[in-house]
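Coordinates in review
What follows is each chain in one-letter form.
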Amino acid sequence: MTVDVKTGRTFPGGVHPPGRKGLTEDSAIQLAPVPKQLSILLSQHLGAVCRPLVAKKEAVKAGQKIGEADAFVSAPVHSSLNGVVKEISLQPHPVLGRTEGIIIDVDAENAAAKQPCANQFSVDFDENQFSDEQILNAVHEAGIVGMGGAGFPTRVKLQPNKANPIKTILVNGCECEPFITCDYRMMLEWSEQVLAGIKLVRKVLKPERLVIGIEDNKPQAMEAMGRAVSKSDGIEVVSLKTKYPQGGERQLIKSIINRDVPTPGIPPMINVLVLNVATVAAIAEAVVFNEPLTHRVVTVTGPGVEQPGNFYVPIGMTVGELIEVCGGLKSDAVKVILGGPMMGISIADLSCPITKTSGAITVLDAKEIGGAKLEMRETACIRCGRCIEVCPMNLNPTKIAHAVKHGLFDVAQDYYQAACIECGCCSYVCPANIELTGYIRTGKIAVARKKKQESK
Amino acid sequence: MSVNGKEPMPEKIRVSPAPHISHRFSTRSVMIDVIIALIPAIAYAGYYFRFYALILIATCVLSAVVTEWICNLICRKPNSLGDFSAVVTGLILALSLPPAIPVWAAIIGSCFSIAIGKMVFGGLGSNIFNPAMVGRTFLTACFGMLMTTWTVPANIDARMPVVSAAMPDTVTQATPLAWSKQAIKTRNLEDKTKLVPANRANSLMADMFWGRVGGCLGETSAFALLIGGVYLLVRRTIQPHIPLAVLGSAFLIGTIGYVINPDAFINPLAHLISGGMLICAFFIATDPVTAPLTTKGMWIFGVGVGGITMLIRLLGEYPEGVMYAVLLMNAVTPLIDRYCKLTPAGGAADA
């Protein structure tokens, strides 16, 4: 093992928003109380929507599979608690608007809420007691998806590919979004479990190199992970410059091994795999205890919430109920964001449930957002080029955004709008307050829609 | 709070695309930075050219602001004075005017800058040419005599030949660049007595640096402009590419001339600190609206501005060429942008 605290590893571009991690970084992961109701969405991942396995009024047990994944690129969903199915209907979804979900009335007396199992792992964890097949099956059956936000089914990522093997695995402990501390707390409190997950992944893919990347504003996490890997050979812990979006997949790869993932393309094309620390922790739990992914750590934070903290939350609990656990919204709260302030999705409907990919709820007040941003006062582009300077993908955001604004989608494509990772740096830095990322996203959606129509 | 959306959403909660926070600067703060950076040059103008300089500056700024206000009124557009860009245009125009120009001419130049240079294109961000340079060119075309009458305070020990007495407390004399032009023009004369030696201008380098020579209001003191330029760079209001490219290319071309014939061509350093070179490098060529967007484009643009300026100074008819160089390069900025397309990290594949 090596711990490399040499800082300065980074990628070109990026911004330095205020970290604001102090609100929750010292708040240990605590159990969220049992909610009255769960809303388990059948689409919490990239890929095919699940098929419900239960009917109305049917009793379900905690950990029971209630949505089956029929396609390869999909992940099953499970009931997080004991209860009775109330209905299967369209539910609010943070990204997709409305999607099918299973509402479960929780058995309050006997909910069987799960406890974190991190204390049952040790640094001497032996991954060889499990076969590759066991590991892959467990990951699939547990419904594990990328918990950093993208939600790509992990079983698909772990599929060994002889022709194009994974040579480097990067474990993403950057957590570059402001405010969020769930991964940080996990690295501090659950380091052995994270290590166990890493060892299991290593067993399946046999990479040449395995690196845990952590931003240099989290020295305690570096230390904890360093201690955890001290007895394991060939696992490196490296420090990365604190800069947003250091935890973006492509940026992490650029910072650590100095290679660019082709656009369009995915890291396996250059023999790299990136996994979030929460995902590897879930893998350990799934393989060792056969526990499906029914709970996750969520940071509830921001100046608009009374008592910020990190919680171990059953998936399906609503955002509103979780905010109530934290003392409710302050009177000056104006934005509830699923995720962090840079890439998170602002929601209007607090009955949105926590999904496998929701790492945080950030509640902002007017002061944090700033007057011009709050009122969305957009002025003319002065072509200052700051958006280009900060774009980690080396795009020309202002050009794309203006093309989209005027409906010139072919120009937007000509300027590689498809390569945009929607990190938000350009909008963050724009002095004219233009929602560049928003325009680019609109352009991408419009082009995708057009392509779909043409193929029909 | 209940689940399943039975309760209406809290009233004050808003939704918008990510990101939800932003860096605390705005177009206005960028412009205010430029104004702050111009303060040393304004102070020098006031010190050397007295009260009349301040009247000229105030006139230019005021007429620029009023013109923009009227244009917005006519076009039924929202008031855009809050971005302070009209103030910047007025200031830069004023600082590039000769100190003895009448107030009415300054007003005409300022109105032309804003109305024709900026507002007819659609206001800030849409103009192709640098508004202040548009106004200055218009004045040069209309009132050539006024635009080339250089006065210096009479109390300065001026070593340039006096042309005429213009105002009670000032005299008019040749600028170092005019001297340089004479040296170049006379270099091939048979009659050696009519030769104008270039080292006369070289000997004035210290005066040029501190601003004790004739010239435009804000252009005489290299020192004041350097302070402003460094401030803009430190505040990251401008990027260093354009100033470096302008000054670098100008120095290179100036050096070539100096090496070939040091009697006819002045020291390249004197070129850098004389005339509009520094105000151009830090304040005019760096106008974001009319300069290219990409780093590569900025270098091409800067080299173009520096190169054309020096070609005019060394080979052209005029002693100074900054204004034309900037306008010419403004004209090709869209072209530069088109040919300096960025390649995304990870290669350019089809969308």
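Structure first, text after, so check above.
Residues numbered from 1 in each chain as written. Chains lettered and ligands numbered in written order. Predicted model: local features only at pLDDT ≥ 70, side-chain atom pairs only at ≥ 80, totals over all residues. Heavy atoms only, no water.

When helices and strands are counted, chain B shows 14 helices and three strands. A buried classification covers 55% of the 351 residues belonging to chain B. Residue pairs in contact within chain B that sit at least 24 positions apart in sequence constitute 71% of those at least 6 positions apart. (Helix = DSSP H or I, 4+ residues; strand = E, 2+ residues; numbered from the N terminus. Buried < 20%, exposed > 50% of the residue type's maximum accessible area, 1.4 Å probe, protein only. Contact = heavy atoms within 4.5 Å.)

In total, this model carries 13 aromatic pairs over all chains according to the counting rule given. Judged by centre distance (5.6 Å) and plane angle (85°), the rings of A:Phe121 and A:Phe289 are edge-to-face. Taken together, the residues span a long stretch of sequence, with A:Phe121 in the loop between strand E9 (97-106) and helix H1 (132-141) and A:Phe289 in helix H7 (residues 277-289) at a distance of 168 residues. Ring centres of B:Trp104 and B:Phe143 lie 5.2 Å apart, and the angle between their planes is 85°; on these two criteria the pair is classed as edge-to-face. (Phe/Tyr/Trp six-rings, centres within 6.5 Å; stacked < 30°, edge-to-face > 60°.)

Attention now goes to the interface of chain A and chain B. By a widely used convention, the size of an interface equals the accessible area lost when the partners come together. Between chain A and chain B, the residue contacts involve 77 residues of the former and 47 residues of the latter. Summed over both partners, the interface of chain A with chain B buries about 5,400 Å², with 57% contributed by carbon and sulfur atoms. When the buried area of chain A at its contact with chain B is split by residue, A:Ile382, A:Arg383 and A:Tyr416 rank highest and sum to 14% of it. Connecting chain A to chain B are three salt bridges. Across the pair B:Lys341 and A:Asp414 runs a salt bridge, and its minimum N-O distance is 3.3 Å. Applying the counting rule to chain A against chain B returns 22 residue pairs in polar contact (both at pLDDT 80 or more). Among the elements that take part in the side of chain A that touches chain B, strand E16 (residues 333-338) of chain A stands out by supplying five residues, more than any other. Classifying every residue of the side of chain A that touches chain B gives 39 nonpolar, 21 polar and 17 charged. (Buried area = accessible area lost by both parts, 1.4 Å probe. Salt bridge = Lys/Arg side-chain N within 4 Å of Asp/Glu carboxyl O. Polar contact = N/O pair within 3.5 Å; in protein donor to acceptor, adjacent residues only side chain to side chain. Nonpolar A, V, L, I, M, F, W, Y, C, P; charged D, E, K, R; others polar.)

Once that is clear, we can look at unusual backbone geometry. Looking along the chain, the bond that leaves A:Tyr244 and enters A:Pro245 is cis, with omega of -5°. Following B:Ala18, the chain continues to B:Pro19 via a peptide bond in cis, the omega torsion being -5°. Structurally, the position occupied by B:Pro19 is in the segment before helix H1 (27-75). Positive phi outside glycine occurs at A:Ala112, with the angle close to 55°. Note on placement: A:Ala112 falls in the loop between E9 and H1. Overall, the relative accessible area of 40% leaves A:Ala112 in the partly exposed class. The phi angle at A:Arg383 is positive, at roughly 55°, despite the residue not being glycine. Secondary-structure assignment places A:Arg383 in the loop between helix H10 (371-375) and helix H11 (386-390).

Before going further, it helps to examine the sheet that holds strand E6 (residues 65-68) of chain A. Residue and element names in this part refer to chain A. Within the open sheet, the three strands sit side by side as E4-E6-E7. Their pairing is antiparallel. In this open sheet, the two edge strands, each paired with only one partner strand, are strand E4 (51-52) and strand E7 (77-78). For E6 and E7, the ladder comprises two bridges, and the chain directions are antiparallel. Each bridged residue has a counterpart across the sheet, and for Gly67 the counterpart in E7 is Val77. (Pairing = 2+ DSSP bridges.)

Looking now at the packing of helix H13 (residues 295-315) of chain B against helix H14 (residues 322-339) of chain B. Residues and elements named next belong to chain B. Orientation of H13 relative to H14, taken along the N-to-C sense of each, is 150°, at an axis distance of 9 Å. The pairing of H13 with H14 is recorded here as roughly antiparallel in orientation. Crossing angle aside, the handedness with which H13 passes H14 is right-handed. Residue-level contacts link Lys296, Gly297, Ile300, Phe301, Gly304, Val305, Ile308, Thr309, Ile312 and Arg313 of H13 to Val322, Tyr324, Ala325, Val326, Leu328, Met329, Asn330, Thr333, Ile336 and Tyr339 of H14. Of the residues contributing to the contact of H13 with H14, the split by class is 13 nonpolar, five polar and two charged. (Axes fitted to C-alpha atoms, helices over the stretch in contact; angles between N-to-C directions. Parallel < 35°, antiparallel > 145°, perpendicular 65-115°, else oblique. Left-handed = near helix turned anticlockwise from the far one by under 90°.)

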